[in-house]
Amino acid sequence: MTPLLDIRDLSVALPRGSDRRYAVENAVLTIARGETVCVVGESGSGKSVLAQATMGLLPETLPITGGTITFDGQRLSGLSESRYRQIRGPQIGMIFQEPMTSLNPVLTIGAQIDGALTAHGSRSRAERGARRRELLELMRLPNPSQIGDRYVHELSGGQRQRVMIAMALANNPKLLIADEPTTALDVTTQKEILRLLATLRKELNLAVLFITHDFGVVAEIADRVVVMSKGHVVEQGDAGKILHSPRDPYTRRLIDAVPRLAPPIAAVRSNSDTVLEIKGLTKTYKGRSSLFGARRADVKAVDDVELSVARGEVVAVVGESGSGKSTLAQIVSGLLKADDGSVWLHGQDLAQVSRRQRRRLAPHIQMVFQDPFSSLNPRHDIERIITEAPIAHGVSAAKARSDMQRLLKLVGLDTNAAKRYPHAFSGGQRQRIGLARALILKPDLLIADEPVSALDVSVQQQVLELLADIRRELGLSILFITHDLRVAATVADRIAVMRQGRIVEQGSTAGLLRAPASDYTKALLDAVPGLQWEQNRSELATAERQPSKVN
Amino acid sequence: MIGFLRSFASRPSTLIGLLVFLSVVVIALIADWLYPGSPFRMVARPNLPPLSTGYLMGTDMLGRDLTAALVHGSRVTLSIAILATLLTVAIGTIIGAISGYYGAIVDDTAMRVTEFFQAIPSFLFAIVLVAVVSPSRLSIVLAIAIVSWPSVARLVRAEVLTLRTRDFVRAARVGGLSDMRILFSHILPNAMSPLLVSASVVMATAILIESGISFLGLGDRNAVSWGYLIGTGRTAVRINWWLSALPGFAIFLTVWSLNLVGDGLSTWLDPRKTETGRHP
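Predicted model, so just to flag it, every value in this text is computed and none were measured.

Trainee: Would you mind going over the overall build of chain A with me for this structure?
Mentor: Looking only at helices and strands, chain A has 20 helices and 20 strands in total. Whereas a compact globule of 551 residues would reach a radius of gyration of roughly 24 Å, chain A reaches 26 Å, a difference of no more than 12%. Judged by the C-alpha coordinates and their principal axes, chain A covers about 75 × 60 × 55 Å. Considering chain A as a whole, with its 551 residues, one finds that 52% of them fall into the buried category.

Trainee: Mind showing me how you'd approach the overall build of chain B here?
Mentor: Summing up its helical and strand segments, chain B has 13 helices and zero strands in all. Helices (α) and strands (β) of chain B occur, in sequence order from the N terminus, as α-α-α-α-α-α-α-α-α-α-α-α-α. With respect to the three principal axes, the spread of C-alpha positions in chain B is 75 × 45 × 30 Å. Counting every position in chain B, which comprises 280 residues, the buried fraction comes to 48%. Of the contacts formed within chain B by residues at least 6 apart in sequence, a portion of 71% connects residues at least 24 apart. Surface summary for chain B: the accessible area is close to 13,600 Å², and the carbon and sulfur share equals 71%. Side chains of chain B carry 21 positive and 14 negative charges; the gap between the two charge centres is 3 Å.

Trainee: Where do I start with the domain arrangement of chain A in this structure?
Mentor: Accessible area lost during the coming together of the parts is what is often quoted as the interface size. What the domain assignment reports for chain A is domain 1 (99-172) and domain 2 (274-287 + 294-380 + 442-517). Of note, the centres of domain 1 of chain A and domain 2 of chain A, computed from C-alpha atoms alone, are 39 Å apart.

Trainee: Even after reading the chapter, I still don't get the packing of aromatic side chains, so can you show me in this structure?
Mentor: For any pair of aromatic rings, geometry is given as the distance between the ring centres together with the angle between the planes. As enumerated under the stated definition, the model contains nine aromatic pairs over all chains in all. Aromatic ring contacts, followed pair by pair, group Phe-116, Phe-117, Phe-125 and Trp-149 of chain B into a single cluster. Here the basic side chain of Lys-279 of chain A rests over the ring of Trp-344 of chain A, its NZ or CZ set 4.8 Å away from the ring centre. Over the aromatic face of Phe-215 of chain B sits the side chain of Arg-234 of chain B, whose NZ or CZ is 5.8 Å from the ring centroid.

Trainee: Honestly, the packing of helix α4 (residues 66-102) of chain B against helix α7 (residues 137-163) of chain B in this entry has me stumped. Any pointers?
Mentor: Packed helices, taken two at a time, are described by the angle their axes make and the gap between the axes. Residue and element names in this part refer to chain B. Between α4 and α7, whose axes approach to 5 Å, the crossing angle comes to 35°. Considering the relative orientation of α4 and α7, their crossing is right-handed. Taken together, the residues that form the contact of α4 with α7 break down as 21 nonpolar, eight polar and two charged.

Trainee: Just to check I follow, could you spell out the sheet that holds strand β7 (residues 175-179) of chain A for this structure?
Mentor: One key point about sheets: their strands pair by backbone hydrogen bonds, in either a parallel or an antiparallel sense. Residue and element names in this part refer to chain A. Read across the sheet, six strands follow the order β6-β7-β8-β3-β9-β10 without closing on themselves; strand pairing throughout is mixed. Both edges of this open sheet fall to β6 (92-95) and β10 (232-238), since each of them pairs with a single strand only. Shown here is a sheet whose adjacent strand axes are inclined to one another by a mean of 15°, direction ignored. Across five bridges, β7 lies against strand β8 (residues 207-212) in parallel orientation. In the strand pairing of β8, Asp-179 is matched with Ile-211.

Trainee: Can you help me understand helix α11 (residues 226-233) of chain B in this one?
Mentor: Side chains of residues three or four places apart in an α-helix project in the same direction, reflecting 3.6 residues per turn. All names here are of chain B. Within α11, seven of the eight residues are buried, leaving the element largely enclosed by the surrounding structure. Residues of α11 that are buried: Trp-226, Gly-227, Tyr-228, Leu-229, Ile-230, Gly-231 and Gly-233. Tucked inside the fold, the buried residues of α11 contact α2 (12-29), α4, α10 (192-215) and α12 (242-268).

Trainee: Just checking my understanding: could you explain the interface of chain A and chain B for this structure?
Mentor: Every contact between the two is made by 29 residues of chain A and, on the other side, 20 residues of chain B. For the pair chain A and chain B, the summed buried surface comes to about 2,100 Å²; carbon and sulfur atoms form 53% of the total. For chain A, the biggest contributors to the area lost against chain B are Leu-335, Arg-379 and Glu-388 of chain A; these three give 25% of the whole. Taken together, chain A and chain B are joined by two salt bridges. Here Asp-179 of chain B and Arg-355 of chain A are joined by a salt bridge, their closest N and O atoms 2.8 Å apart. Our count for the contact surface shared by chain A and chain B stands at 15 residue pairs in polar contact (both at pLDDT 80 or more). Within the residue set of the side of chain A that touches chain B, elements represented by two or more residues are α11 (325-333), α12 (355-361), β16 (365-368) and α13 (382-392) of chain A. Looking at the side of chain A that touches chain B element by element, the count peaks at four residues for α13 of chain A. Residue composition of the side of chain A that touches chain B, by class: 11 nonpolar, 11 polar and seven charged.

Trainee: Help me understand the side chain of Ser-225 of chain B, please; the structure alone is not making it clear to me.
Mentor: All names here are of chain B. Turning to its location among the elements, Ser-225 is positioned in the loop between α10 and α11. Residue Ser-225 is classed as buried on the basis of its relative accessible area, which comes to 2%. A polar side-chain atom of Ser-225 sits 3.1 Å from a polar atom in the side chain of Ser-214. With sequence-adjacent residues up to four places away left out, Ser-225 is seen in contact with Gly-73, Val-76, Thr-77, Glu-210 and Ser-214.

Trainee: Explain the sheet that holds strand β15 (residues 348-349) of chain A here, please?
Mentor: Residue and element names in this part refer to chain A. Across the sheet, which stays open at both edges, the four strands sit in the order β12-β11-β14-β15 with antiparallel pairing between neighbours. Across the chains shown, the open sheet's two edge strands, defined by having one partner strand only, are β12 (299-310) and β15. Strand direction decides the pairing type here: strand β11 (residues 274-285) and β12, joined by eight bridges, are antiparallel. Within the sheet, the bridge partner assigned to Thr-284 lies in β12 and is Lys-300. Together, β11, β12 and β14 (340-345) form the strand contacts of α11, whose direction differs from that of β11 by roughly 120°.

Trainee: When you look at the pairing of β11 of chain A in this model, what are you seeing that I'm missing?
Mentor: In summary, the side chains of a regular strand alternate between the two faces of the sheet. Relative to β14 of chain A, β11 of chain A runs antiparallel, the two sharing five bridges. Each bridged residue has a counterpart across the sheet, and for Thr-282 of chain A the counterpart in β14 of chain A is Asp-340 of chain A.

Trainee: I would appreciate a short explanation of the nonpolar core in the present structure.
Mentor: Side chains that are nonpolar tend, in soluble globular proteins, to be buried together. Core analysis: the largest hydrophobic core is formed by 72 residues, its most contacted members being Ile-386, Leu-435, Leu-446, Ile-478, Phe-480 and Ile-495 of chain A together with Ile-187 of chain B. Here Leu-435 of chain A is in contact with Val-368, Val-411, Leu-446, Leu-466, Leu-467 and Ile-470 of chain A, once residues within four sequence places are set aside. If you look at the next biggest cluster of nonpolar residues, it comprises 51 residues, including Ile-193, Val-227, Ile-242 and Ile-255 of chain A.

Trainee: Where do I start with the environment of Ala-32 of chain A in this structure?
Mentor: Residue and element names in this part refer to chain A. On the secondary structure map, Ala-32 appears in the loop between β2 (22-31) and β3 (36-40). For Ala-32 and Glu-60, which are 28 residues apart along the polypeptide, the C-alpha to C-alpha distance reads 29 Å. Setting aside residues up to four positions removed in sequence, Ala-32 forms contacts with Pro-3, Leu-4 and Ala-207.

Trainee: Sorry, what's going on with helix α10 (residues 249-257) of chain A here?
Mentor: All names here are of chain A. For α10, the full list of buried residues reads Tyr-250, Thr-251, Leu-254, Ile-255 and Ala-257. Taken end-on, α10 shows its buried residues confined to a sector of 160°, consistent with a single buried face. Within α10, the exposed residues directed more than 90 degrees away from the buried face are Pro-249 and Arg-253. Between a side-chain oxygen at the N-terminus of α10 and the backbone nitrogen of Tyr-250 the separation is 2.8 Å; the capping residue is Asp-248.

Trainee: Can you help me understand the pattern of salt bridges in this one?
Mentor: Where charged atoms from two side chains of opposite charge approach closely, those side chains can pair. Residues and elements named next belong to chain A. Applying the stated rule across the entire model yields 35 salt bridges over all chains. With a shortest N-O distance of 3.2 Å, Asp-273 and Arg-311 are connected by a salt bridge. Residue Asp-273 is found in the loop between α10 and β11, and its partner Arg-311 is found in the loop between β12 and β13 (314-318); the two are separated by 38 residues along the sequence. Exposure remark for Asp-273: the relative accessible area of 39% places this residue in the partly exposed category. The exposure class of Arg-311 is partly exposed, given its relative accessible area of 36%. When salt bridges that share partners are traced, they join Lys-399, Asp-403, Arg-406 and Lys-442 into one network.

Rules used in this analysis
- Residues numbered from 1 in each chain as written.
- Chains lettered and ligands numbered in written order.
- Predicted model: local features only at pLDDT ≥ 70, side-chain atom pairs only at ≥ 80, totals over all residues.
- Heavy atoms only, no water.
- Helix = DSSP H or I, 4+ residues; strand = E, 2+ residues; numbered from the N terminus.
- Rg over C-alpha atoms; globule rule 2.2 N^0.38 Å.
- Buried < 20%, exposed > 50% of the residue type's maximum accessible area, 1.4 Å probe, protein only.
- Contact = heavy atoms within 4.5 Å.
- Areas by Shrake-Rupley, 256 points an atom, 1.4 Å probe, with all protein chains shown as cover.
- Lys, Arg positive; Asp, Glu negative; His and termini not counted.
- Charge placed at Lys NZ, Arg CZ, Asp CG, Glu CD.
- Domains from an automatic or database assignment.
- Phe/Tyr/Trp six-rings, centres within 6.5 Å; stacked < 30°, edge-to-face > 60°.
- Lys NZ or Arg CZ within 6 Å of the ring centre and 35° of its normal.
- Axes fitted to C-alpha atoms, helices over the stretch in contact; angles between N-to-C directions.
- Left-handed = near helix turned anticlockwise from the far one by under 90°.
- Nonpolar A, V, L, I, M, F, W, Y, C, P; charged D, E, K, R; others polar.
- Pairing = 2+ DSSP bridges.
- Buried area = accessible area lost by both parts, 1.4 Å probe.
- Salt bridge = Lys/Arg side-chain N within 4 Å of Asp/Glu carboxyl O.
- Polar contact = N/O pair within 3.5 Å; in protein donor to acceptor, adjacent residues only side chain to side chain.
- Core = buried A, V, L, I, M, F, W, Y, C linked by side-chain atoms within 4.5 Å.
- Arc of directions from axis to C-beta.

Below you can see the structure in the form of structure tokens.
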């Protein structure tokens, strides 16, 4: 049987002066009817370019220089724009990462689905209305007969993505291209969307080209997997085979870099003194009353939180977006003021000290930020970035410089990095610089606010390992903020789960993962993509380890 | 700097603007060498038309050389415009920075004051200020600065508001640096680009306001400026039109060149252009 989509030796050139000549080079890919193929790769691997090439949406700066794309017996590469328009929609649908920016905020979602329907085919008004209802029902949206009158901002993130899928499927395409459709969503929402896609492809015999960086997601939905690196397809084959016994070394490295949902073997639980103690902490964001319309309700971002961190302990605060975990981090670091409650550092109440005193205490609590691209001042060189704070706190310039050189080595950077500017470094390297900047002040507590969520898996693994090393070496206490239970499981001794400003559960990592007490933690754990794969993997790992023990 | 020049060279309009403005500056600097002595001296027959021998732009009704007056006038006009721009940017930056950085009541107060100044038509306000105080170059500079700072303050405030939430500024706060240090070494240097662009516009406006004030005869009577020349030539515009037209053309040329430079600066400093290199 001929495949539905057949990409042969596709090459897409990059503009002159890029770090490599081709965005995609000699890529080969086929998708059969009703099949789900996942294209996996890190940022810059060319996976999105592949999707755009198939949709005929490549910008002029990225021309196709070789190979063919054939869809359902029709050659797509080199097709005129007007002919392509008959392919997009009725033949191939596409959904994107961020549904909020892909939908028009001033039109109701019903009108937008209607637009997708009118663009192709000449249905009557009544037919379109019926089809719209049918689609909304198919997407399992609540109140399908009324939700069409709503605007984008009235829907949740998951509902928006469902509307996007409804629009993509409006004209019964045979292929759906999904470019990281769940990356911007919370895990529990991601799970629902993945489940929806799975049912839809069965009901509609839909082929799906799914672009992702997350092997957990791959394990959930893929029939076949295509692994890309630097524009090349390095390996492709059945999902089971690639996920369990990858042949290519790059694939193996990628898969090994996925953090496991199992606690590290030796959890260091010290009974030493408490570094940080949070008591009854509360922060409310006042709802602003606008000139028109009703006053918006207050939001309790942090609600009566109790948490403590012992010396040398890593405590992870896990929660979905809007859970208040970042607000908590900002209050502890002194960036925000709490409304009520107290933060004690070594038995000193930080809320009671003056502004000036708080500034003097600043070195004791340091922070690593999420976005490596905005966390370093682009106009300062690395030496200034790292040594500015210690010099301001009275350390001599010479001492600060020698400290900096020691720390640059510790975080795995060359000492000649000092004279360069942030733009010369990659995301992972910048996170290392940010870490050096925090550590030079010899903090008692390090707050890490999603320090790896903007990084690729392999870089993420390196940074997490570095954090573990440093923590062992310096006996650092870390408050680790993350949305990713896998990451939390690999770094933390204890985990606190937050939801709507409250800590719903906290306990040792092993205990919490093995026997979660609250329903919410159970749901969170259940939503982690690729759980089944994970279990098989660890069984395999233990099976491999046992014979070696006998030997 | 090389990138700046290359980008300027690649846009002819910006290059022309820069050349015109620089030549005005050079003429102002060497005015005494070009036309030594006071431009108020009567040197030739009155009402000589332009292109007369020795008097490129002719003479006025008292036989004063218009070319000399224009050259010396550029000095007065430019010095007032530059001083007024510096003062405007200084006031606007300080108020905008403090307002954006501290927020809350400070911000509210500063913005209400800013709006108060913005609500008054700026040119009329400047005239009133100069008329109330004695007309001198200093009072004109002050008047221009007082009416122009609000736009700069609003711009700086907006920049500071976005920059203060950036992680590197947060990192500086977590590092325990003082507010002044965070403002001056982390926030404001990153707000330079839009500030430069707006400074070029402020300068163009300053030239116009100064000319307007001098035209109305409210300026410094002892100094020749372009606006003053238009004002004195106005009475005889039907006999010798060039007395008003040529200084007017000089003002037009300078303001136009400044706008071109501002345009060039904003394209060169466009964040989208510089960001692309960082987010491949």
